[in-house]
Amino acid sequence: MTIENFEQHVELQQLQKGLAFYSKGSVHHLEEKQPGNWQATIAGSEVYRVNITLKEKEVLAVSCTCPHEALHCKHVVGVLYAIKGRSGKVNFIELVNSIPEAELRQFVIAHGSNYEGFKNILLAHFASGPLSGKDAL
Ligand SMILES: [Zn+2]
């Protein structure tokens, strides 16, 4: 498994939750302590510490302080995305294009409910009241 193809090796559910952590900005203090040795904290239901060891792009070892049994918990996945993002490997447009429409819709609804700023941008852009609809005619 490498930093570039980990998405093919992780359960879809963990992948989605991890990506949500990353995109919400829940990954903090991401630091390469030593070459290839990454550390971060991630704010889930509690704050967990994640360690990831890379050799070149190969993921050699991962650990997380959460009680989750799976090798790649959602926190590890979140940090993998953060490392990938740090290296400029997450292409925003590619990422958006790769998300199935229903999931994107779900994401927009969830985040629009949680983030006032995001909701406002969306409303400003898409909310056409009855009047502006009439104007368009
Ligand atoms: Zn974890």
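As a starting point, this report considers the structure included with it. Here the structure is a predicted model, which is why all the values come from computation and not from measurement. (Residues numbered from 1 in each chain as written. Predicted model: local features only at pLDDT ≥ 70, side-chain atom pairs only at ≥ 80, totals over all residues.)

Here we come to the overall build of the chain. Counting its regular elements, the chain contains six helices and four strands. In terms of overall dimensions, the chain is more spread out than a globule: its C-alpha atoms have a radius of gyration of 18 Å, far above the 14 Å expected for 137 residues. Referenced to the eigenvectors of the C-alpha coordinate spread, the extents of the chain come out at roughly 60 × 30 × 25 Å. Put simply, the chain has 137 residues, and 21% of those count as buried. (Helix = DSSP H or I, 4+ residues; strand = E, 2+ residues; numbered from the N terminus. Rg over C-alpha atoms; globule rule 2.2 N^0.38 Å. Buried ≥ 20, exposed ≤ 12 C-beta atoms within 10 Å, placed from the backbone.)

Right, let's get into the packing of helix H4 (residues 101-114) against helix H5 (residues 116-126). The contact between H4 and H5 brings their axes to 6 Å, and the two run at 120°. Considering only the axes of H4 and H5, their crossing is left-handed. Note on element contacts: H5 touches H4 through Phe118, Lys119 and Leu122, opposite Val108, His111 and Gly112. Broken down by class, the residue content of the contact of H4 with H5 amounts to three nonpolar, two polar and one charged. (Axes fitted to C-alpha atoms, helices over the stretch in contact; angles between N-to-C directions. Left-handed = near helix turned anticlockwise from the far one by under 90°. Contact = placed C-beta atoms within 7 Å. Nonpolar A, V, L, I, M, F, W, Y, C, P; charged D, E, K, R; others polar.)

Our next topic: the sheet that holds strand S2 (residues 37-43). Spatial ordering of the open sheet is given by S1-S2-S3-S4, a layout of four strands whose pairing is antiparallel. Strands at the two margins of the open sheet, each flanked by one partner only, are strand S1 (27-34) and strand S4 (58-64). This sheet shows a mean twist of 20° between the axes of neighbouring strands, independent of strand direction. Pairing geometry for S1 and S2, over five bridges, is antiparallel. Bridge pairing in S2 links Glu32 to Trp38. (Pairing = 2+ DSSP bridges.)

Here helix H1 (residues 12-23) is twelve residues long and its end C-alpha atoms lie 16 Å apart, about the 16 Å a rise of 1.5 Å per residue gives. Taken as a whole, H1 has its buried residues at Leu15, Gly18, Leu19, Phe21 and Tyr22. The arc that holds every buried residue of H1, seen down its axis, measures 155°, which confines them to one face. Pointing more than 90 degrees away from the buried face of H1 are the exposed residues Leu12 and Gln13. Within two residues after H1, Gly25 carries a phi angle of roughly 75°, on the positive side. (Expected span 1.5 Å × (residues − 1). Arc of directions from axis to C-beta.)

On to unusual backbone geometry. One non-glycine residue, His29, adopts positive backbone phi at about 55°. Locating His29 in the fold gives a position in strand S1. One non-glycine residue, Glu56, lies in positive phi territory at about 55°. Locating Glu56 in the fold gives a position in the loop between strand S3 (47-55) and S4.

Moving on, we come to the pairing of S4. Pairing geometry for S3 and S4, over six bridges, is antiparallel. Paired with Asn51 across the bridge in S4 is Ser63. Joining the antiparallel neighbours S3 and S4 is a turn of two residues, in which Glu56 adopts a positive phi near 55°.

So, about the packing of H1 against helix H2 (residues 74-86). Packing of H1 against H2 brings their axes to within 7 Å, and their N-to-C directions diverge by 55°. It follows that H1 is oblique to H2 by the angle criterion. Handedness of the H1/H2 crossing: right-handed. Only Lys74, His75, Val77, Gly78, Leu80, Tyr81, Ala82 and Gly85 of H2 make contact with H1, whose side of the interface consists of Gln14, Leu15, Lys17, Gly18, Leu19, Phe21 and Tyr22. (Parallel < 35°, antiparallel > 145°, perpendicular 65-115°, else oblique.)

Note that all results are geometric; they support no functional claim without further evidence.
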